[in-house]
Amino acid sequence: MHKRLFGCFLLITFGLLGHGIATAQAWPTKPVRLIVPFPPGGSLDPIARIVAAKLHESLKQPFVVENKPGAAGAIGTAAAVSAPPDGYTFVFVFDTHAVNPALMPSLPYDTRKDLTPVMLIGKAPMAIVTQTGKPFRSFADVVQTASSKPRSVSYGTMNGTLGHLTMTLLQKEAKIQLVTVPYKGGAPMVQDALGGQIDLAIGSPATVGPYVKSGKMRALAVTSARQSPAFPNVPTLTELGYKGLSAYAWWAIFAPAGTPKPILAKFHSELAKVFSDPEVRKTLVETQGMEVVAGPPEELDRWLGSEMDRWARVVKENDIQVQ
């Protein structure tokens, strides 16, 4: 009797396993949604469109980029969480994904439990920049001016973003007080920085890099652990004496929790092919200043956990709130 039951158990187990493998081999059999929780034109949208085009070529099904902006990415992410976990919906996220739980206690989803990691695409440093007509030749000049005249130097950022949190930490480390000028997007911040309405701005290579290259802005420091190819010869905050003060913009892909593992494995394998393409990597390096990671799901899971813990402490200790 026990042998018969055990035999039935094995048949069911291998039957389910075989069904899962067959499902993954057939996937996709219809269009796949790639949700981008930000508007077109940012740094995340073009990455998703590169992926969509490449996977359409290799898997012979449409991969449709769907922009669902709002609430620093939370609206589009919530749409992905509520989608059926069948392998036909994925969400591309930006670094705000790790900050939102601390800033928005009423998020309609659990960031760790309701989403399954697929891939950490890559990371990039941010740069602190100033218009070249401003008197700041180095970050030391900023510190000297702000120390002698507190709140005489302004900086632009998007409220509640990594740039905002990093500048909050930096002010504490440097023992200075700057005037925070919040913006709803990188474009208006950059325009005001170029026009001299604000003294400093902080942004990713995609946001401020072109203006540094054209000579309209000067990069004073980068937030990476080591100097970045995106901003050659620009010192890191660590090199300037602010030990451990590194921060990265980052991009990743998640799936609704419960998405079949064989499908996730196939999707990850196809993504790895996309991001190993030399032309794709070149594009991401040149346009985003990105260090392409394209690692396993476990790496994204570890990264997300450490980022959530780190920035939650910063938000709490500095009483930072979304305006």
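Colleague: Explain the overall build of the protein to me, please; I cannot follow it from the model alone.
Modeller: Along the backbone of the protein there are 11 helices and 11 strands. Taken over the C-alpha atoms alone, the protein extends approximately 85 × 40 × 30 Å along its principal axes. Taken across its 323 residues, the protein has 49% of its residues classed as buried. Sequence separation of 24 or more characterises 78% of the internal contacts of the protein that already satisfy a separation of 6 or more.

Colleague: I would appreciate a short explanation of the sheet that holds strand β2 (residues 63–67) in the present structure.
Modeller: Strand pairs in the sheet, formed through backbone hydrogen bonds, run parallel or antiparallel to each other. The strand order across the open sheet built from six strands is β2-β1-β3-β10-β4-β11, with neighbouring strands paired in mixed fashion. Of all the strands in the sheet, the pair left with one neighbour each is β2 and β11 (291–292). Against the sheet, helix α11 (residues 297–317) makes contact with β4 (115–125) and β10 (248–256), and its axis sits at roughly 120 degrees relative to β10, the strand it touches most.

Colleague: Is there a simple way to explain the pairing of strand β9 (residues 217–222) in this structure?
Modeller: Working note: regular strand, side chains alternate between the two faces of the sheet. Burial of β9 is extensive: six of the six residues sit out of reach of the surface. Note that strand β5 (residues 127–131) and β9 share five bridges and pair antiparallel. Counterpart to V129 in the pairing with β9 is A219.

Colleague: Any chance you could explain the packing of aromatic side chains here in plain terms?
Modeller: One pair of aromatic rings is described through two measures. These are the centre distance and the angle between the planes. For the coordinates displayed, the defined rule picks out eight aromatic pairs. Look at F94 and W251: their rings are 5.7 Å apart centre to centre, the planes differ by 45 degrees, and that puts the pair in the tilted class. On the criterion of sequence distance, the pair formed by F94 in strand β3 (residues 89–94) and W251 in strand β10 is long-range, its members being 157 residues apart. The same class applies to F94 as to W251, namely buried. Put simply, the rings of W27, F63, F90 and F267 touch in pairs and so form one group of aromatic residues. Above the ring of Y88, the side-chain terminus of K30 is found at 4.7 Å from the ring centroid. Positioned above the aromatic ring of Y248, the side-chain terminus of K123 is 5.2 Å from the ring centre.

Colleague: Just to check I follow, could you spell out helix α7 (residues 186–195) for this structure?
Modeller: Along an α-helix, a turn takes 3.6 residues, which lines up residues three or four apart on a common side. All buried positions along α7 are accounted for by M189, V190 and A193. Considered in projection along α7, the buried side chains sweep an arc of 95 degrees and stay on one side of the axis. Its buried side turned inward, α7 meets β5, β6 (154–158), β7 (179–183), β8 (200–203), α8 (205–213) and β9. The first or second residue beyond α7 is G196, which carries a positive phi of 85 degrees.

Colleague: I keep staring at the packing of helix α6 (residues 162–174) against α11 and nothing clicks. Help me out?
Modeller: When two helices pack together, their arrangement is given by the angle between the helix axes and the distance between those axes. Where α6 meets α11, the closest approach of the two axes is 10 Å, and the angle between their N-to-C directions is 60 degrees. With respect to each other, α6 and α11 are oriented oblique. Remark: the crossing between α6 and α11 carries left-handed chirality. Taking contact as the criterion, the partners of L162, L165, T166 and L169 in α6 are, on α11, E307, R310, W311, V314 and V315.

Conventions and cut-offs
- Think of each chain on its own: its residues are numbered from 1, step by step along the sequence as written.
- This being a predicted model, a pLDDT of at least 70 is required before a residue's local features are given, and a value of 80 or more before pairs of side-chain atoms are given or counted; all residues contribute to the totals for chains, interfaces and linings.
- Hydrogens and waters are ignored; side-chain quantities use all the structure's heavy atoms.
- For helices the rule is a DSSP run of H or I covering at least 4 residues; for strands it is a run of E covering at least 2, with both sets numbered from the N terminus onward.
- Any residue under 20% of the maximum accessible area for its type is buried, any over 50% is exposed, and the rest in between are partly exposed; the area is computed with a 1.4 Å probe on protein chains only.
- Here, residues are in contact when the closest pair of their heavy atoms is within 4.5 Å.
- When DSSP finds two or more bridges between a pair of strands, those strands are recorded as paired.
- Working convention: axes come from line fits to C-alpha atoms, limited for helices to the stretch in contact. Angles between N-to-C directions cover 0 to 180 degrees.
- Working definition: rings of Phe, Tyr and Trp (its six-membered ring) pair if their centres are within 6.5 Å, and the pair is stacked with planes under 30 degrees apart, edge-to-face with planes over 60 apart, and tilted otherwise.
- Put simply, a charge is over a ring when the Lys NZ or the Arg CZ is close to the ring centre, within 6 Å, and near the line of the ring normal, within 35 degrees.
- The directions from the helix axis to the C-beta atoms form the arc being described.
- Here the word oblique covers every angle except those under 35 degrees (roughly parallel), over 145 (roughly antiparallel) and from 65 to 115 (roughly perpendicular).
- What makes a crossing left-handed is the near helix being turned counterclockwise from the far one by less than a right angle; a clockwise turn instead makes it right-handed.

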